[in-house]
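Here is how the chains run, residue by residue.
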Amino acid sequence: MTSARGYLDTASAEPLHPAARETLIAALERGYADPRRLHGAGRDARLLLDNARAVVAECLGVHADEVGFTASGTDAVHRGLLGLVRARSGDGVVHGAVEHSSVLHAVTWQPSPAHASIAVDATGRVDLDAMAAAARQPGVAVVALQSANQEVGTVQPVDALDLPDDVPLFVDAAASVGRLPLPARWTALAASAHKWGGPGGVGVLVVRRSARWTTPFPGDDGIDHLGGESAVPAALAAAAALQAVLSEGDETTGRQHRQVERIRACAGSLPDPEVVGDPVDRLPHLVTFSVLYASGDELVAGLDRRGFGVASGSACTASTLEPSHVLAAMGALTHGNVRVSLRRDTTDEEVEAFCAALVDVVTDIRAGIGLTTPRRSPSPPLRSSDEQRRGDPG
């Protein structure tokens, strides 16, 4: 497997999975035609597209006719959420304060006095009682609650949410598909292939057969026509990547949990740190932290010079390093935060090198403003799986 060594920003995009690459190259030879056409090439493309839908459906535990491909994860969110709203008499959306910006943009694009943003606690978990109460107010059409947070990793208790039977639930699952089991109760769900190692430009929207949903934008109605002339090779590659990462899931998840614990310990040992998000009920591959007196752009630049690519600022506006609305809602420091998200093939040695680089960068930044930082390792280095099995002291 080709490794993008040092790249630790998979919450933005995971490197293309080898299964996706192989499938994409093969599908380019057959899936070039419009799958809506009745000629031979069109029928061939249609078979590939139907196969992609069937594979994604099997991976997610849904029916193939409930799956549609969109132009991006953001497009899937907008179509899924606004399509549920359009099918109802009310127009209000109740949502968590830490939802992805695509959800917040959809809400503000269609203003309503019935909209409600629900507060979260210090870990980023939504107040379920407040959300359930808001869902029962007049004019509410839909509740939106993410499966897990894309910036701090906290898993939301989606299945514990008590909603009226006539209020549908929209779930943005982009951060968790391919990494954690889906919640059981939802009406429509969105995901993005580049988060699990599929190609960019492929979103997934799943709408339950029983749902009242209609396309919110001009164009053909129905889940089968979301992308118009769907990018068939990319959709098939996305399906292959999802199937592959789920088959690797147990080993990858266990290793990433252990590696993230190491990074959390390292970050927590720095002077004036804040490690945010739930320490236990979280995504396996992601950790966010900040260090007082060290700005986000300095940390990102310093780590990049040492060969490590991480994110800072809002996950949605990282190019401008705007303060994160997620961290603000949690009451955490909004400047100087760093988000580290591991690749499926990140090694223990890479994690150790990152921890050493992080201590060096923070030390240099603080020294530049006249502060001293003890150079220390907060915990024993990670041991390889072979060492653990042998019981070597490492």
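Residues numbered from 1 in each chain as written. Predicted model: local features only at pLDDT ≥ 70, side-chain atom pairs only at ≥ 80, totals over all residues. Heavy atoms only, no water.

> Describe the pairing of strand β6 (residues 188-192), naming the residues involved and giving the relevant values.
A regular strand carries its side chains on alternate faces of the sheet. Judged by how many residues are buried, β6 sits mostly within the fold: 5 of 5 residues are covered. Burial along β6 is two-sided: the face carrying Ala188, Ala190 and Ser192 and the face carrying Leu189 and Ala191 are both buried. With 3 bridges connecting them, strand β5 (residues 169-172) and β6 associate as parallel partners. Each residue of the ladder has a partner; that of Phe170, found in β6, is Ala188. Of the pairings in the sheet, the one linking β6 to strand β7 (residues 203-207) comprises 5 bridges and is antiparallel in character. Of the residues in β7, the one forming a bridge with Ser192 is Gly203. (Buried < 20%, exposed > 50% of the residue type's maximum accessible area, 1.4 Å probe, protein only. Helix = DSSP H or I, 4+ residues; strand = E, 2+ residues; numbered from the N terminus. Pairing = 2+ DSSP bridges.)

> Got a sec to walk through the pairing of strand β2 (residues 92-96)? Specific residues and values, please.
Counting buried residues along β2, 5 of its 5 residues qualify, which places the element largely inside the surrounding structure. Examined bridge by bridge, β2 and strand β4 (residues 140-144) share 4 bridges and lie parallel to one another. Along β4, the bridge assignment pairs Gly92 with Val140. Here β2 runs beside strand β3 (residues 116-118); their pairing, made up of 3 bridges, is parallel. For Val94, the partnering residue across the bridge sits in β3 and is Ala116. Note on the crossover from β2 through helix α4 (residues 101-109) to β3: the handedness is right-handed. (Right-handed = clockwise from strand over helix to strand, strands pointing away.)

> Quick rundown of the sheet that holds strand β11 (residues 337-341)? Include the residues and the values.
With antiparallel pairing, 4 strands are arranged side by side in an open sheet as β8-β9-β11-β10. Of all the strands in the sheet, the pair left with one neighbour each is β8 (273-276) and β10 (311-312).

Geometric descriptors of this kind do not, in isolation, establish any biological role.
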